[in-house]
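Here is how the chains run, residue by residue.
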Amino acid sequence: MLRVLVTGATGYIGGRLVPRLLERGHLVRCLARQPENLRGRAWNGVDIVQGDVLQFDSLRAAMRDIDVAYYLVHSMRAGEQGFEERDRLAARNFARAAREAGVKRLIYLGGLGSDERELSPHLQSRHEVGNLLRESGIPVTEFRAAIIVGSGSISFEMIRYLTERLPIMICPRWVQSLCQPIAVRDVLAYLVETLDRPESAGRIFEIGGPDVLPYRDMMLGYAKVRGLKRRLIQVPVLTPRLSSYWVDFVTPIPASISRPLIEGLKEDVVCHEDSALQVFSVRPIGYEEAVRLALGRINEGDIETIWSGSHASFKAGDPPASRLEKREGMILEVREAEIAAPAKRVFEIFSGIGGKRRWFYADWAWQFRGMLDRLVGGPGMRRGRRNPDHLIPGDALDFWRVEEVVDGRSIRLRAEMKVPGKAWLQFEVEPLAGDHSHFTQTAYFEPKGLPGLLYWYFLYPIHRLIFSGLCREIQRRGEA
């Protein structure tokens, strides 16, 4: 049993690594800039410490009594420039704090690419971080991976949505570059097993699956798994900037993040040695099998395990705060408010919505949408609800289906009206001190192809008005 620190626990890899470390019996501590973002995770026994790798003093408490520390953070964030310098500062702070605390080992997940060739700024930064961590004098195990295939992985989501939404794709020259993708399950297996392999300390391992493919074949391989017919047309003039704007429009990934990733696709990223296969017991699965596993998770529709939201702090009486997000291929419209009423009362209000009580705000718009739905063969609003006060999973609720009910806390509705995609509407409430409660209303939409994307953005001004009014009305009824 080791005392392990995980940075990046709110991120894609870190969030999946923590439960696997707990399963192995390790004592886990998570470093988070906003600990409230980890609220609701079923991580029993995890110690959460507030801190920021860009602030050295905040790392001291996190490093205390730690045996092994995972470095899984990256400063490349949407809309920000100069991520390379932030990466340097973060890595130096982390290495210094670990050395002063007597940490015995560091584990880092970086990017695949040959040091002997000119790399993109993104990959250069990934390699530089590994070198800065090694300057601490602490043994570092560095894993270098290319595209990680799994639901929610940025690179995989680019491939997924481009292939799903575009029957004919105009592609730049980089679609011929070679890549060695690896399934997220195999990356996690390496990260966990290295704790049991002391001989892996102080080494760099290139990890990848058994398939070496050009990006063109990765997109066509995805289409094959999905049973889609796709045609790719390669053109010589499509810069990374133009490509990133197109990715921003078609996929959930902003141009500010996709552009440095696309710049890294111009070079081959493949493993040049197989020491990982010699040291570890992991035997990575092939690309198409990894795609099937990723799609299987997406198709489960388990919103609770796919998305986890952070809650901001609000004052009672403030108007509902809202944000529009893109996560795991889903578009989220989130509204939050603090309500001066007990959580039980708020739950009674939103769990009684629909049917004869109507939809609280702009009911005419809901009725009109139901009429349009009936015209195209959907259920419309004619089904009502089984009971005006109680819901159970499986109940029909107008043109929704009750998917989950957590008594006194939340309900989740799955849309059964005709839409170019999949949609959910979720209401949640959590008790606060003084008979107040924190209310969250989230609309989820997974577009199906380009029509789904156009549908969402065309109707978003109307949806924004209706969802905002609905949240305010639930708040008003709770405080009445």
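Refer to the structure presented above.
Criteria and cut-off values
- Residues numbered from 1 in each chain as written.
- Predicted model: local features only at pLDDT ≥ 70, side-chain atom pairs only at ≥ 80, totals over all residues.
- Heavy atoms only, no water.
- Helix = DSSP H or I, 4+ residues; strand = E, 2+ residues; numbered from the N terminus.
- Buried < 20%, exposed > 50% of the residue type's maximum accessible area, 1.4 Å probe, protein only.
- Contact = heavy atoms within 4.5 Å.
- Areas by Shrake-Rupley, 256 points an atom, 1.4 Å probe, with all protein chains shown as cover.
- Pairing = 2+ DSSP bridges.
- Salt bridge = Lys/Arg side-chain N within 4 Å of Asp/Glu carboxyl O.
- Core = buried A, V, L, I, M, F, W, Y, C linked by side-chain atoms within 4.5 Å.
- Phe/Tyr/Trp six-rings, centres within 6.5 Å; stacked < 30°, edge-to-face > 60°.
- Lys NZ or Arg CZ within 6 Å of the ring centre and 35° of its normal.
- Axes fitted to C-alpha atoms, helices over the stretch in contact; angles between N-to-C directions.
- Parallel < 35°, antiparallel > 145°, perpendicular 65-115°, else oblique.
- Nonpolar A, V, L, I, M, F, W, Y, C, P; charged D, E, K, R; others polar.
- Disulfide = S-S within 2.5 Å.
- Lys, Arg positive; Asp, Glu negative; His and termini not counted.
- Polar contact = N/O pair within 3.5 Å; in protein donor to acceptor, adjacent residues only side chain to side chain.

Draft legend 1. Structural detail: the overall build of the protein chain. Helix and strand content of the protein chain: 15 helices and 20 strands. A buried classification covers 55% of the 480 residues belonging to the protein chain. Counting contacts in the protein chain only where the partners sit at least 6 residues apart, residues at least 24 apart contribute 71% of the total. For the protein chain, the computed accessible surface area is about 21600 Å², with 52% contributed by carbon and sulfur atoms.

Draft legend 2. Focus on the pairing of strand β8 (residues 168-171). On β8, burial follows the alternation: Met169 and Cys171 on one face are buried, whereas Ile168 and Ile170 on the facing-out side are not. By the bridge criterion, 4 bridges tie β8 to strand β13 (residues 231-234) in an arrangement that is parallel. Note on β13: the bridge partner recorded for cysteine 171 is glutamine 234.

Draft legend 3. Spotlight on the pairing of strand β15 (residues 330-339). β15 sits mainly inside the fold: 10 of its 10 residues count as buried. Side chains Met330, Leu332, Val334, Glu336 and Glu338 project from β15 onto one buried face, and the interleaved Ile331, Glu333, Arg335, Ala337 and Ile339 project onto a second face that is buried too. As judged from the 9 bridges shared by β15 and strand β20 (residues 436-447), these two strands associate in the antiparallel manner. Pairing of glutamate 336 across the sheet is with threonine 440, part of β20.

Draft legend 4. Broad picture of the pattern of salt bridges. The tally for this structure, following the rule as stated, stands at 27 salt bridges. Two residues, arginine 412 and glutamate 403, come together in a salt bridge whose shortest N-O distance is 2.7 Å. For arginine 412, a relative accessible area of 4% translates into the label buried. Taken together, the shared-partner salt bridges connect Arg401, Glu403, Glu404, Arg412, Arg414 and Glu416 into one network.

Draft legend 5. Summary view of the nonpolar core. Phe350, Trp359, Trp366, Trp400, Phe427 and Ile474 are the most contacted members of the largest nonpolar core, which totals 40 residues. Those elements giving two or more residues to this core turn out to be β15, α13 (343-350), α14 (363-375), β17 (400-406), β18 (410-415), β19 (421-432), β20 and α15 (449-479). The leading source of residues in this core is α15, at 8 residues. Among the nonpolar cores identified, the runner-up in size contains 36 residues, and Cys179, Ile262, Tyr287 and Leu295 belong to it.

Draft legend 6. Spatial organisation of the packing of aromatic side chains. Taken as a whole and judged by the stated rule, the model has 19 aromatic pairs. Considering the side-chain rings of tyrosine 71 and tyrosine 108, the 6.0 Å spacing of their centres and the 55° angle between planes classify their relative orientation as tilted. Highlighted residues: tyrosine 71 in strand β4 (residues 68-71) and tyrosine 108 in strand β5 (residues 105-111), separated in sequence by 37 residues. Neither tyrosine 71 nor tyrosine 108 differs from the other in exposure class; each is buried. Grouping aromatic residues by their ring pairs yields a cluster made of Phe143, Tyr190, Phe205 and Phe280. Arginine 96 extends its terminal NZ or CZ atom over the ring of phenylalanine 56, reaching a point 3.8 Å from the ring centre. For the cation-ring pair, arginine 472 lies above tyrosine 361, with the distance from its terminal atom to the ring centre recorded as 6.0 Å.

Draft legend 7. Seen up close, helix α1 (residues 12-23). Ile13, Gly14, Gly15, Arg16, Leu17, Val18 and Leu21 are the residues of α1 that are buried. Positive backbone phi, approximately 90°, marks glycine 25, located one or two places after α1.

Draft legend 8. Geometry of the packing of α14 against α15. Their axes nearest at 10 Å, the elements α14 and α15 cross at an angle of 140°. Judged by the angle between their axes, α14 and α15 are oblique. Listed contacts from α15 to Ala365, Trp366 and Arg369 of α14 are Tyr455, Ile466, Phe467 and Leu470. Split into classes, the residues belonging to the contact of α14 with α15 amount to 6 nonpolar, no polar and 1 charged.

Draft legend 9. Quick peek at the state of the cysteines. Scanning all chains against the criterion turns up 0 disulfides. You can see cysteine 271 has no disulfide; the closest cysteine sulfur is in cysteine 179, sitting 9.4 Å from it.

Draft legend 10. Structural view of the sheet that holds β4. Spatially, 7 strands are ordered β3-β2-β1-β4-β5-β6-β11 in an open sheet, and the strand pairing comes out parallel. Because the sheet does not close on itself, it has two edges, and the strands there are β3 (47-50) and β11 (204-206). Across the sheet, the axes of successive neighbouring strands diverge by a mean angle of 20°, strand direction being ignored. Taken together, the 5 bridges between strand β1 (residues 3-7) and strand β2 (residues 27-32) define a ladder with parallel strand orientation. If you follow valine 4 over to β2, its bridge partner there is valine 28. Relative to the sheet, α1 contacts β1, β2, β4 and β5, its axis offset from that of β1 by approximately 165°.

Draft legend 11. Representation of unusual backbone geometry within the structure. Located in the positive-phi region is aspartate 65, a residue other than glycine, with phi close to 65°. Structurally, aspartate 65 can be placed in the loop between α2 (60-63) and β4. The backbone phi angle of arginine 358 is positive, close to 65°, even though this residue is not glycine. Relative to the helices and strands, arginine 358 resides in the loop between α13 and α14.

Draft legend 12. Layout of the side chain of arginine 385. Tracing the sequence through the fold places arginine 385 in the loop between α14 and β16 (396-397). Buried within the structure, arginine 385 lacks any salt-bridge partner; its nearest side chain of opposite charge belongs to aspartate 395, at an N-O separation of 6.3 Å. Among the polar contacts made by the side chain of arginine 385, one reaches the main-chain carbonyl oxygen of isoleucine 353 at a distance of 2.7 Å. When near neighbours in sequence (up to four residues on either side) are disregarded, arginine 385 contacts Ser351, Gly352, Ile353, Gly354, Gly355, His390, Leu391, Ala396 and Leu397.

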